[in-house]
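Here are the chains, one letter per residue:
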Amino acid sequence: QVQLVESGGGLVQAGGSLRLSCAASGRSLSSYTMGWFRQAPGKEREFIGRIRWTDVLTYYPDSVKCRFTISRDNAKNTMYLQMNSLKPEDTAVYYCAARPNLRSQYSTWGQGTQVTVSS
């Protein structure tokens, strides 16, 4: 059982930066894969990256490559999403999620944090 809490969202001007945090707690946390997702108004939920607690492999789709970076601090049980060069189209609710392994569905979700990018 894992619990996730996102924070760090807010209002930022286009071209600015934000760092989101996802604090995790629960049993067997080190075995989980962690991911970031976002959902903008009127659009489907979009996967934006993943990382594992036990290795340094990361993955990003083209929409956020070279702008967003996922990292984690195992000692703090926290995953981060560093967002640079933000665009208005990045406006969305951002969620962190967890799954037991890469073969599983994301089964645990945080409540989300709002990111709004003004033009």
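Details of the structure are given in the entry above.
Worth saying up front: this structure is predicted, and the values here are computed from it rather than measured. (Residues numbered from 1 in each chain as written. Predicted model: local features only at pLDDT ≥ 70, side-chain atom pairs only at ≥ 80, totals over all residues. Heavy atoms only, no water.)

A. Seen up close, the overall build of the protein. When you go through the protein residue by residue, the secondary structure sums to zero helices and eleven strands. Listed by position from the N terminus, the elements making up the protein come as β-β-β-β-β-β-β-β-β-β-β. Referenced to the eigenvectors of the C-alpha coordinate spread, the extents of the protein come out at roughly 40 × 25 × 25 Å. Burial status across the protein gives 42% buried among its 119 residues. Within the protein, residue pairs in contact and separated by at least 24 positions form 52% of the contacts whose partners lie at least 6 positions apart. Summed over its atoms, the accessible surface of the protein is roughly 6,600 Å², and 46% of this surface lies on carbon and sulfur atoms. Looking at the protein, you have 14 positive and 8 negative side-chain charges, and the mean spots of the two groups are 6 Å apart. (Helix = DSSP H or I, 4+ residues; strand = E, 2+ residues; numbered from the N terminus. Buried < 20%, exposed > 50% of the residue type's maximum accessible area, 1.4 Å probe, protein only. Contact = heavy atoms within 4.5 Å. Areas by Shrake-Rupley, 256 points an atom, 1.4 Å probe, with all protein chains shown as cover. Lys, Arg positive; Asp, Glu negative; His and termini not counted. Charge placed at Lys NZ, Arg CZ, Asp CG, Glu CD.)

B. Representation of the pattern of salt bridges in the model. This model, assessed by the stated rule, comprises four salt bridges. The salt bridge partner of Glu46 is Arg38, with a shortest N-O separation of 2.8 Å. The exposure class assigned to Glu46 is partly exposed, which follows from its relative accessible area of 27%. Several salt bridges share partner residues, and in doing so they unite Arg38, Glu46, Arg67 and Asp90 into one network. (Salt bridge = Lys/Arg side-chain N within 4 Å of Asp/Glu carboxyl O.)

Note that every value here comes from positions in space, so none of it alone points to a role or purpose.
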